[in-house]
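Okay, here's what each chain looks like letter by letter:
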Amino acid sequence: SYYNNGLGFNLGTQEAYFSTAGGEIVSGRYKDEDEVTVTFVLENRTSSRTTPLIYMYINGELTSIVTYSDTEDFYKQNDTLVFNSEFCDIDIYNIRVYTSALNSTQVVHNYVADLKSAELYDMN
């Protein structure tokens, strides 16, 4: 859920999004009641790109990309994640937090590794 005046991620019954303090938003929609994998990747500025990017993937597919200001302050204040809601009922089965940005191949590998069907896993 959001914290600090709208900064953070929000998971709903049909949509997920991540919002920066500067108002940039990556988002994606999915079907209610479906089990989905949502991935947010925050990439820092690199030598080849002057602006940092935020990517969002749903089930291993890229759904949204935005640039954000490199003055944004994304940092971990402690080792605790807090989940709360006044109106939404979702089930969370798995959370991964990395200290480096994943590339698209790594995002897909994570998605495939979590598939519940051995047949689909073997196909991929």
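Here, the structure is the one placed above.
Anyway, here's the lowdown on the structure attached to this text. (Residues numbered from 1 in each chain as written. Predicted model: local features only at pLDDT ≥ 70, side-chain atom pairs only at ≥ 80, totals over all residues. Heavy atoms only, no water.)

We now examine the overall build of the chain. The helix and strand tally for the chain stands at two helices and six strands. Secondary structure of the chain in N-to-C order comes out as β-β-β-β-β-β-α-α. Relative to its 124 residues, the chain shows a buried fraction of 25%. Split by element, the accessible area of the chain, about 9,000 Å² in all, is 45% carbon and sulfur. (Helix = DSSP H or I, 4+ residues; strand = E, 2+ residues; numbered from the N terminus. Buried < 20%, exposed > 50% of the residue type's maximum accessible area, 1.4 Å probe, protein only. Areas by Shrake-Rupley, 256 points an atom, 1.4 Å probe, with all protein chains shown as cover.)

Position of Ser64 among the secondary structure elements: in strand 6 (residues 61-67). A distance of 3.5 Å separates a polar atom in the side chain of Ser64 from the backbone nitrogen of Ser27. Ser64 has contacts with Ile25, Val26, Ser27, Ile54, Tyr55 and Met56, leaving out every residue within four places of it along the chain. (Polar contact = N/O pair within 3.5 Å; in protein donor to acceptor, adjacent residues only side chain to side chain. Contact = heavy atoms within 4.5 Å.)

Here the focus is the sheet that holds strand 4 (residues 38-43). Strand order in the open sheet formed by three strands is 4-5-6, with antiparallel pairing between adjacent strands. Each end of this open sheet is capped by a strand with a single partner; those strands are strand 4 and strand 6. In this sheet, neighbouring strand axes are inclined to one another by 15° on average, regardless of whether the strands run parallel or antiparallel. Sheet topology places strand 5 (residues 53-58) next to strand 6; six bridges connect them, and they run antiparallel. (Pairing = 2+ DSSP bridges. Axes fitted to C-alpha atoms, helices over the stretch in contact; angles between N-to-C directions.)

Quick look at the sheet that holds strand 1 (residues 8-11) now. If you walk across this open sheet you meet the three strands as 1-2-3, and the pairing is antiparallel. At either margin of the open sheet sits one strand with a lone partner, and together these are strand 1 and strand 3 (25-29). In this sheet, adjacent strand axes meet at a mean angle of 5° when their direction is disregarded. Pairing between strand 1 and strand 2 (residues 15-19): four bridges, direction antiparallel. Considered in strand 2, the bridge of Asn10 is made with Tyr17.

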